[in-house]
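Topology and contacts: notes
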Amino acid sequence: MAFDDKDFLACCGSSKFAMEMALASPFSSLQAAVTTARDIWFNKVDVNGWLEAFDAHPQIGKSAPSNHKSETSAQWSKGEQSTALATATNSSLQELSDWNARYRQKFGFVFLICASGRSTSEILAELKKRYPNRPIVEFEIAANEQMKITELRLAKLFDTKAEAPSAYNQHPIGNRAEDRVSIIGAHLTATSESPAGKTSQVTARTRPPITTHVLDVSEGRPAAGMDVKLDKWVGKQSRPSFDENDIGGWVLQGFSTTDKDGRSGQLMGIVDAVNPGIYRISFNTGKYCPGGFFPYVSLVFEIRETQKSEHFHVPLLFSPFSFTTYRGS
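For clarity, every value in this text was computed on a predicted model and none was experimentally measured. (Residues numbered from 1 in each chain as written. Predicted model: local features only at pLDDT ≥ 70, side-chain atom pairs only at ≥ 80, totals over all residues. Heavy atoms only, no water.)

1. Here we look at the overall build of the protein
When helices and strands are counted, the protein shows 12 helices and 10 strands. Going through the 329 residues of the protein one by one, you find that 50% of them count as buried. A separation threshold of at least 6 residues defines the contact pool for the protein, and within that pool the share at least 24 residues apart is 70%. (Helix = DSSP H or I, 4+ residues; strand = E, 2+ residues; numbered from the N terminus. Buried < 20%, exposed > 50% of the residue type's maximum accessible area, 1.4 Å probe, protein only. Contact = heavy atoms within 4.5 Å.)

2. Topic: the packing of aromatic side chains
Summed over all chains, the structure comprises 18 aromatic pairs. Taking the centre distance of 5.6 Å and the plane angle of 70° together, the rings of F3 and F8 count as edge-to-face. Looking at F8, the relative accessible area reads 0%, which means it is buried. Geometrically, the ring pair formed by F54 and F109 is tilted, given 5.2 Å between the ring centres and 50° between the ring planes. Of this pair, F54 sits in helix α4 (residues 47-55) while F109 sits in the loop between α7 (90-107) and α8 (120-130), and the two are 55 residues apart along the sequence. You'll find F54 and F109 in the same group, each marked buried. Here a set of aromatic residues connected by ring pairs shows up, and it is made of W41, F42, W50, F54, W99, Y103, F107, F109, F111, Y131 and F139. Of note, K106 hangs over the ring of Y131, and the distance from its end group to the ring centre comes to 4.8 Å. (Phe/Tyr/Trp six-rings, centres within 6.5 Å; stacked < 30°, edge-to-face > 60°. Lys NZ or Arg CZ within 6 Å of the ring centre and 35° of its normal.)

3. Things to note about the pairing of strand β4 (residues 227-233)
In terms of residue burial, β4 counts as a mostly covered element, since 6 of its 7 residues are buried. Here β4 runs beside strand β5 (residues 250-257); their pairing, made up of 7 bridges, is antiparallel. Of the residues in β5, the one forming a bridge with K232 is V251. As judged from the 5 bridges shared by β4 and strand β6 (residues 277-283), these two strands associate in the antiparallel manner. Bridging across to β6, V228 finds its partner in F283. (Pairing = 2+ DSSP bridges.)

4. Re the sheet that holds strand β7 (residues 297-303)
The 4 strands are arranged β5-β4-β6-β7 in an open sheet whose pairing can be described as antiparallel. Each end of this open sheet is capped by a strand with a single partner; those strands are β5 and β7. Between one strand and the next, the sheet's axes are offset by a mean angle of 20°, whatever the strand orientation. (Axes fitted to C-alpha atoms, helices over the stretch in contact; angles between N-to-C directions.)

5. Description of the pattern of salt bridges
Applying the stated criterion across every chain yields a total of 10 salt bridges. With a closest N to O distance of 2.9 Å, E151 and R38 form a salt bridge. Taken together, the residues E151 in helix α9 (residues 135-163) and R38 in helix α3 (residues 30-43) connect sequence positions 113 residues apart. On the basis of relative accessible area, E151 is assigned to the buried category, the value being 10%. Close ionic contact of R304 with E302 constitutes a salt bridge, the shortest N to O distance being 3.7 Å. (Salt bridge = Lys/Arg side-chain N within 4 Å of Asp/Glu carboxyl O.)

6. Focus on the nonpolar core
Counting residues in hydrophobic clusters, the biggest one holds 48 residues, and the most contacted among them are W41, F54 and L154. At the level of secondary structure, the elements contributing two or more residues to this core comprise α1 (5-11), α2 (15-24), α3, α4, α7, α8, α9 and β5. Looking at this core, the element that brings in the most residues is α9, giving 10 residues. Structurally, this core is a two-domain feature, drawing no fewer than three residues from each of domain 1 (5-162) and domain 2 (210-325). Not counting residues up to four positions away in its chain, the partners in contact with L154 are F8, C11, M21, L30, A33, V34 and A37. Listed in part, the 22 residues of the second largest apolar core include A223, Y279, V314 and F318. (Core = buried A, V, L, I, M, F, W, Y, C linked by side-chain atoms within 4.5 Å. Domains from an automatic or database assignment.)

7. Considering the packing of α7 against α8
Here α7 crosses α8 at 30°, and the two axes come no closer than 10 Å. Classed by the angle they form, the pair α7 and α8 counts as roughly parallel. The hand of the α7/α8 crossing is left-handed. Note on element contacts: α8 touches α7 through T120, I123, L124, L127, K128 and R130, opposite S92, E95, L96, W99, N100, Y103 and F107. In the contact of α7 with α8, the residues fall into 7 nonpolar, 3 polar and 3 charged. (Parallel < 35°, antiparallel > 145°, perpendicular 65-115°, else oblique. Left-handed = near helix turned anticlockwise from the far one by under 90°. Nonpolar A, V, L, I, M, F, W, Y, C, P; charged D, E, K, R; others polar.)

8. Some words on the UniProt feature "binding site: substrate" (unreviewed entry) in the protein
According to UniProt, the positions carrying the feature "binding site: substrate" (unreviewed entry) are H213, R263 and Y326. Along the polypeptide, H213 turns up in the loop between β1 (210-211) and β2 (214-216). For H213, the side chain forms a polar contact with the main-chain oxygen of D261, separated by 2.7 Å. Mapped onto the elements, R263 comes out in the loop between β5 and β6. The class for R263 is buried, based on a relative accessible area of 15%. (UniProt positions renumbered as here; feature names shortened; annotations may be inferred. Polar contact = N/O pair within 3.5 Å; in protein donor to acceptor, adjacent residues only side chain to side chain.)

The structure is reproduced here in structure tokens:
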């Protein structure tokens, strides 16, 4: 697909990055674009370019500045922060603002984190954790977070081209469901999921189409604080193979950490119809239980064209030495 530098500037605020990506365009696939983006970002964009990209991001919890380079980027930032805003209180927003100011004073740039699916408390905890870092260490971490954001936005960019004109004419970026902060907040405070085994055919979702919930059966309680990520298959082959190396074929859709009830935050936007394809949910069980048997657990599943309006809930029942899962609606 062919794009111009304005498209890529919405994905990453570095002018050098946008120019190099436009020169390398068109791309045969999203994965080809991501591979090129990584090479350009880490090998061709200099320190000033990194700082330019960082400066294009609003402070977490605040709107984009009026001089924002890209309206599309501003809208995407709003959607990416939707979970944080939905879970915020006046006091937590004030504390986040105070820590952001301290961070900028120490490091000279805005605190950067891939905020998609993360609550205010999760972001604040990560900010406090990273604050003691040496500037050179923090600079590299911020650059890696920027790359995560860029990959997510490249996926959105490809989706807009793939679905234009019909789908996105009906759902402009600024009005898409992922910006429904109040609906997301209602979902995050829900006490239970729908009964397992039933499919949910809906026309207006109140939660993302793919959710998960982790239970620590060895302790008889929810598994809180476990990192979870959602990927989509975009490899050259139509589907990943059990017998072949599938490295490089997956693109990150969202990342979160389970809350006290074992539920992840938002792993993808709230859309009425999920894009059909093969998805993978990965659980960082090794970090959650360092002495356990599983370094991590990945579950791969396919959503077909006839299922794009359904809701997929993929719980994980986990103990250090065994796990099982089932799909709920």
